[in-house]
Amino acid sequence: MNKILHLAWLLLITSTALGQIIPLPEHPRPDFERPDWLNLNGAWEFEFDSSNQGVSEKWFQTEKKYSKKIMVPFPWGSALSGVKDEADIAWYRKTFTVPKGWDLKKKIFLTIGASDWETTVWLNGRLIGQHQGGYMPFSFELNITAIPNAPHTLTIKVDDKRRPFTLYGKQGYGNARGIWQTAYLESRGHQAIDAIRCIPDIDKNKVIVQVDVDANQPNQTVQVTILTPNGPISKKTSSIAYKSEVELEFDLPNAKRWTLSDPYLYTLTVETLDDKVMSYFGMRKISVMKLPNTEIPYIALNNQPIYLQLALDQSYHPEGFYTFPSDTFIREEIQRSKSIGLNGIRTHIKPDIPRKLYWADKLGLLIMADLPNSWGEPDAMMQNESETTLREMIKRDFNHPSIFSWIVFNETWGLTSKITKDGKTTSEYLPKTQQWVASMYYLTKSLDPTRLVEDNSICCGRGHTETDIYSWHEYLPGWAWEDHMATIVKNNYSGSPYHFEKGFFQAGQPNINSECGNVWGYEGSTGDVDWSYDYHRMMNTFRKYPQMAGWLYTEHHDVINEWNGYWRFDRSQKHTGVESIVNGMSLNDFHSNVYVSTGNDITKTVQASSEVSIPVYLSIYDPGMKYKRIDIRHELWLTNQTGTTKRIAIDSKSYEVNAWMQKPLDPIKINVPEHDGLALLKIYAISEQGDTLHRNFMHLVIESGTPLPNTTIIKVKPDAFVKQSWTQKQWSVLNGLKVNGAGTGYFEYHIPLDQSLKKMQSKTSYIIMELSAKQLWDKDRGEVFNANQDYMLGSKVSPSKNPNSYPMTDETKSPSQLTISVNGTKVMTKTLEDDPADHRGILSWHHQLKDKKLREAGSYGYLVRVPIDKRTLQNSFKQGYLALKLESKDGGGLAVYGSKFGSYPIDINLVLLK
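To keep things clear, this report deals only with the structure shown in the data block. (Residues numbered from 1 in each chain as written. Predicted model: local features only at pLDDT ≥ 70, side-chain atom pairs only at ≥ 80, totals over all residues. Heavy atoms only, no water.)

## Side note on the pairing of strand β27 (residues 417-421)
Reasoning step 1: By the bridge criterion, five bridges tie β27 to strand β28 (residues 424-428) in an arrangement that is antiparallel. Bridged to I419 within β28 is T426.
Reasoning step 2: Between β27 and the antiparallel strand that follows it, β28, lie two residues; D422 among them carries a positive phi value of about 55°. (Pairing = 2+ DSSP bridges. Helix = DSSP H or I, 4+ residues; strand = E, 2+ residues; numbered from the N terminus.)

## Focus: the environment of G189
Reasoning step 1: The topology assignment puts G189 in the loop between β12 (183-188) and β13 (193-201).
Reasoning step 2: When the C-alpha atoms of G189 and T444 are compared, they prove to be 31 Å apart, with 255 residues separating the residues in sequence.
Reasoning step 3: Sequence-distant contacts of G189, defined by excluding residues within four places in its chain, comprise K106, D274 and D275. (Contact = heavy atoms within 4.5 Å.)

## Brief notes about helix α5 (residues 431-447)
Two residues of an α-helix separated by three or four positions point the same way, owing to the 3.6 residues in each turn.
Reasoning step 1: Between its first and last C-alpha, α5 extends 24 Å over 17 residues, near the 24 Å set by a 1.5 Å rise per residue.
Reasoning step 2: When α5 is considered as a whole, its buried residues turn out to be T433, Q434, W436, V437, A438, M440, Y441, L443 and T444.
Reasoning step 3: Residues of α5 that are buried make contact with α4 (380-397), β26 (403-410), β27 and β29 (452-457). (Expected span 1.5 Å × (residues − 1). Buried < 20%, exposed > 50% of the residue type's maximum accessible area, 1.4 Å probe, protein only.)

## Details of the packing of aromatic side chains
Reasoning step 1: Throughout the structure, instances matching the rule amount to 45 aromatic pairs.
Reasoning step 2: Seen in terms of ring centroids, Y566 and W567 are 6.1 Å apart; in terms of plane orientation they differ by 70°. Their pairing is edge-to-face. Just as Y566 is buried, W567 falls in that class too.
Reasoning step 3: Among the aromatic residues, those joined into a ring-pair cluster are W531, Y535, W551, Y553, Y566, W567 and F590.
Reasoning step 4: The ring of F109 has R188 sitting right over it, with the charged end atom 4.0 Å from the ring centre.
Reasoning step 5: R865 extends its terminal NZ or CZ atom over the ring of Y766, reaching a point 3.7 Å from the ring centre. (Phe/Tyr/Trp six-rings, centres within 6.5 Å; stacked < 30°, edge-to-face > 60°. Lys NZ or Arg CZ within 6 Å of the ring centre and 35° of its normal.)

## Focus: the nonpolar core
Reasoning step 1: Judged by nonpolar contacts, the single largest core of 148 residues is most densely connected at Y535, F542, W551, Y566, L618 and I670.
Reasoning step 2: It is strand β39 (residues 677-687) that provides the largest number of residues to this core, a total of seven residues.
Reasoning step 3: Ignoring anything within four residues of it in the chain, the contact list for Y535 reads W551, Y553, Y566, L587, F590 and H591. (Core = buried A, V, L, I, M, F, W, Y, C linked by side-chain atoms within 4.5 Å.)

## Quick look at the sheet that holds strand β9 (residues 138-141)
Reasoning step 1: Strand order in the open sheet formed by four strands is β1-β12-β5-β9, with antiparallel pairing between adjacent strands. The sheet is open, and its two borders are formed by β1 (37-39) and β9, each paired with just one other strand. The sheet shows a mean angle of 20° between the axes of neighbouring strands, direction not considered.
Reasoning step 2: Across four bridges, strand β5 (residues 107-112) lies against β9 in antiparallel orientation. From the neighbouring strand, L110 faces β9, where its bridge partner is F140. (Axes fitted to C-alpha atoms, helices over the stretch in contact; angles between N-to-C directions.)

## Observations concerning the sheet that holds strand β33 (residues 594-597)
Reasoning step 1: The three strands are arranged β33-β35-β38 in an open sheet whose pairing can be described as antiparallel. The open sheet has two edge strands with one neighbour each: β33 and β38 (662-671). Taking each pair of neighbouring strands and ignoring which way they run, the sheet shows an average axis angle of 25°.
Reasoning step 2: Sheet analysis places strand β35 (residues 611-620) next to β38, joined by eight bridges and oriented antiparallel. Counterpart to Y617 in the pairing with β38 is P664.

## Examining empty space enclosed by the protein
Reasoning step 1: For the structure on display, the rule yields five cavities of 30 Å³ or more.
Reasoning step 2: Quantified by volume, the largest cavity comes out at close to 140 Å³.
Reasoning step 3: L24, P28, Q181, T182 and I353 are the residues nearest the centre of the largest cavity, which is lined by 14 residues in total.
Reasoning step 4: Of the residues in the lining of the largest cavity, the class split is nine nonpolar, three polar and two charged. (1 Å grid on protein atoms, 1.4 Å probe; cavity = no way out; pocket = protein on both sides within 12 Å on 5 of 7 lines; lining within 4 Å. Points joined across faces, edges and corners; volume = space filled by probe spheres on them. Nonpolar A, V, L, I, M, F, W, Y, C, P; charged D, E, K, R; others polar.)

## Remarks on the side chain of T711
Reasoning step 1: Looking at the secondary structure, you find T711 in strand β41 (residues 711-716).
Reasoning step 2: Assessed through its relative accessible area of 17%, T711 is described here as buried.
Reasoning step 3: Only 2.9 Å separates the side chain of T711 from the backbone oxygen of P709, close enough to count as a polar contact.
Reasoning step 4: Excluding residues within four positions of it along the chain, T711 makes contact with T642, V911, L912 and L913. (Polar contact = N/O pair within 3.5 Å; in protein donor to acceptor, adjacent residues only side chain to side chain.)

## Quick word on the pattern of salt bridges
Reasoning step 1: The final tally for this structure, using the stated rule, is 50 salt bridges.
Reasoning step 2: The residue R451 makes a salt bridge to D448 at a minimum N-O spacing of 2.7 Å. Like D448, R451 is buried.
Reasoning step 3: Among the ionic pairs, K717 bridges to D907, the shortest N-O distance being 3.1 Å. Highlighted residues: K717 in the loop between β41 and β42 (723-726) and D907 in the loop between β51 (894-897) and β52 (908-913), separated in sequence by 190 residues.
Reasoning step 4: By relative accessible area, D907 is classed as buried at 3%. (Salt bridge = Lys/Arg side-chain N within 4 Å of Asp/Glu carboxyl O.)

## Things to note about the state of the cysteines
Reasoning step 1: Enumeration according to the criterion identifies one disulfide in this entry.
Reasoning step 2: Residue C459 pairs covalently with C460 via a disulfide, S to S 2.4 Å. Judged by the torsion about the S-S bond (50°), the C459/C460 disulfide is right-handed.
Reasoning step 3: Looking at C459, the relative accessible area reads 13%, which means it is buried.
Reasoning step 4: For C460, a relative accessible area of 66% gives the class exposed.
Reasoning step 5: Residue C516 stays outside any disulfide, its sulfur separated by 12 Å from that of C459, the closest cysteine. (Disulfide = S-S within 2.5 Å.)

## Structural notes on the packing of helix α2 (residues 327-339) against helix α3 (residues 354-363)
Reasoning step 1: At their nearest, the axes of α2 and α3 sit 9 Å apart, and the two run at 45° to each other. In terms of orientation, α2 lies oblique with respect to α3. In this structure, the crossing between α2 and α3 has a hand that is right-handed. Together, D327, I330, R331, E333, I334, Q335 and K338 of α2 and R355, K356, W359, A360 and L363 of α3 make up the contact between the two elements. (Parallel < 35°, antiparallel > 145°, perpendicular 65-115°, else oblique. Left-handed = near helix turned anticlockwise from the far one by under 90°.)

## Considerations on the environment of S139
Reasoning step 1: Relative to the assigned elements, S139 resides in strand β9.
Reasoning step 2: When the C-alpha positions of S139 and T111 are compared, they lie 4.3 Å apart, and in sequence the two are 28 residues distant.
Reasoning step 3: Discounting chain neighbours no more than four positions away, the residues touching S139 are F109, L110, T111 and R188.
Reasoning step 4: A distance of 2.7 Å separates a polar atom in the side chain of S139 from a polar atom in the side chain of T111.
Reasoning step 5: Among the polar contacts made by the side chain of S139, one reaches the side chain of R188 at a distance of 2.8 Å.

## Some remarks on the packing of helix α6 (residues 481-490) against helix α7 (residues 532-542)
Reasoning step 1: Between α6 and α7, whose axes approach to 10 Å, the crossing angle comes to 30°. By the criterion of interaxial angle, the relationship of α6 to α7 is roughly parallel. For the pair α6 and α7, the sense of crossing is right-handed. When α6 is examined against α7, the residues W481, E482 and M485 are found in contact with a partner set consisting of M538, T541 and F542.
Reasoning step 2: A class-by-class count of the residues in the contact of α6 with α7 yields four nonpolar, one polar and one charged.

Now the structure itself:
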């Protein structure tokens, strides 16, 4: 277990045992909070009921003994719950007392934030109620007298048997079994407030507050108080007898808007004669408008188009599954997205927990909210479950300004029906189901006309029906994006049937990619790979096509079967390596408001002494820009075959710019050096104030050059070893461009020495080579990989078992102690600190084949320089070669890179300088 997670778990156990704190002690809904409430999280008695005999044996009676303890609200089976997943049915029990000071005239309710799936509650052995559904909160009145210090016992049975019509989503990545959100008591009045809807109108500086109250009480009075920067403003109304909804309109002169950079929240209090709820809202507007100076529709926030840069967020925790260990962790999840320059996330196939939405509201991050899916067929029970959950989801989350769209279905999951014809059974997306999906769009719009609604986030040949957003999913290798984007743009126009079901058409909706990446872009998924190179190509391509109004990368963090996250599953760092390529560059540069793209080709083979024209495209989405001109500066750096790197050219050109500029600029002309090597073109966008707005780069692989002056280089390819021995395995990559030895062992090379060189007066001699440690990944052990696994429903695969995989550089190191011998004499020991793979493995990416397979893509090593003294060199001439032995004695393995693999354009090079 990660150290941080382990400490968090110990803290939870210890502090709970001492009675100091409980897990997730904060109120679970800051948008709907009563003053009198009691958190019931913590240790509960627990018992599995595998044969479903608990009711008949009256386990709800208080004298029944339970054998286990569970930590609520973590789902059973998760590490933080403290119990393994041993059955589909389980019982919970906890004794509580009503806190002193609660109004004895009010009602006491039990509320559970979410419990999957059928939840039955008893109090003191008496049945209270039953709820079905796995994601939304529900409440039962306890009908007890609020006598302080009087003990009461809650008994809860949860039946989580798989049912084909239930909304299971991707729980196979970590099941939400039983109670998985906070359970609490609250004191409510007889004129209880049921729901609050705040509808902001920034154009008129108004907000409408709609309040649903208990419909069984006559002469209801509702007062709403909004706290503004200028002080509170209140309005009161007396509703018609038994009316369940009242509406109050407030003027908010000079209303402070909710923005991503300044997410201001108005707080409000709603009161009846005997009930009070605190909530909040943001003054913001979601709409569609044209990108200025174009006819391209964009999603807009507060009447400003916004280029969406989102991540798919599975919203999982390795130890808590659907439930995070602390509010601090939840807040940090939102901060993580903002820290790399994203402006939103799509919580995937589940309504996210209210406190995560709260932190998105508080910190300023947009949310696409998904309805979970079933894995059965769209029969009447599934349709009822979907409609019910949709209504409850919108009711619960209406006031979160961060949510800008509802997604009703994903990739047609749960929408196909099995049809048997002529002895063949197929799964079909039937026209009647498409009409129901369209009706769900209209239902969503009727429940919430303030946000955008997507009928079906499409993939795999399926299309839209009625939708506010024309979205599409695509997972491709980096090199395939240019052709794909050209196809998208060609078919993107009002009336186009492209990406829509028969009888439905595009109608000027914003066109966004709502899932992309390379994880499914290669054969049999991808496994754990460096995503940064393909990501770079993808972003470069996207920014050339403003007709696409945004993108959504898969994904925020790794999960059990997908390892393409910005972070590992435990939220430890991955390293792209771009900061080592261009000083000051980071992942944020790929998400910059100002972007200088060189197109899809970020590495190109060129001929020495030629002239190359590099295309440049400028993309700006910066309504708050404080500059009118920018300089596009470029520097050319060359690494030659001696391993030496230096800058060889620098130039810049100034351009007038505007806030929404999308246009090609003058190409950059490069005079390619005359010698072989690897050239790095660094590109900077610099404002007139001197601020660096964006950094980018591309590489040129230079071939057919002339020899370096006053230099002799004797090259030996990585696979030209004369001896080798490894305890685990030895193999080559791409016909010897790289060789690997795993375990303990050595490679021995003989570097040939022509006698004509013996008379050469060499001032300096050294061997230069690129080496790394070498782990034996699961894919290298010869295990058969099953590419037809049911990834979505929980089959677990090793991150390095896929044939394409080569795990991306992260915080976990895999070092190897290297001993280097020349002519049988040990001359150097060196620690090769890791077996890395990221954008620095530029040559490993450039020389991959375009066949949707990866062969150790992105892997690279460290530059190792071994001085050779004159005596050793002269003695080597006697035997006609210099013997080089590279030995790993600690089991860390060794990889040797050639001039077409890794980071450096070198083989094992003996360099002789005159």
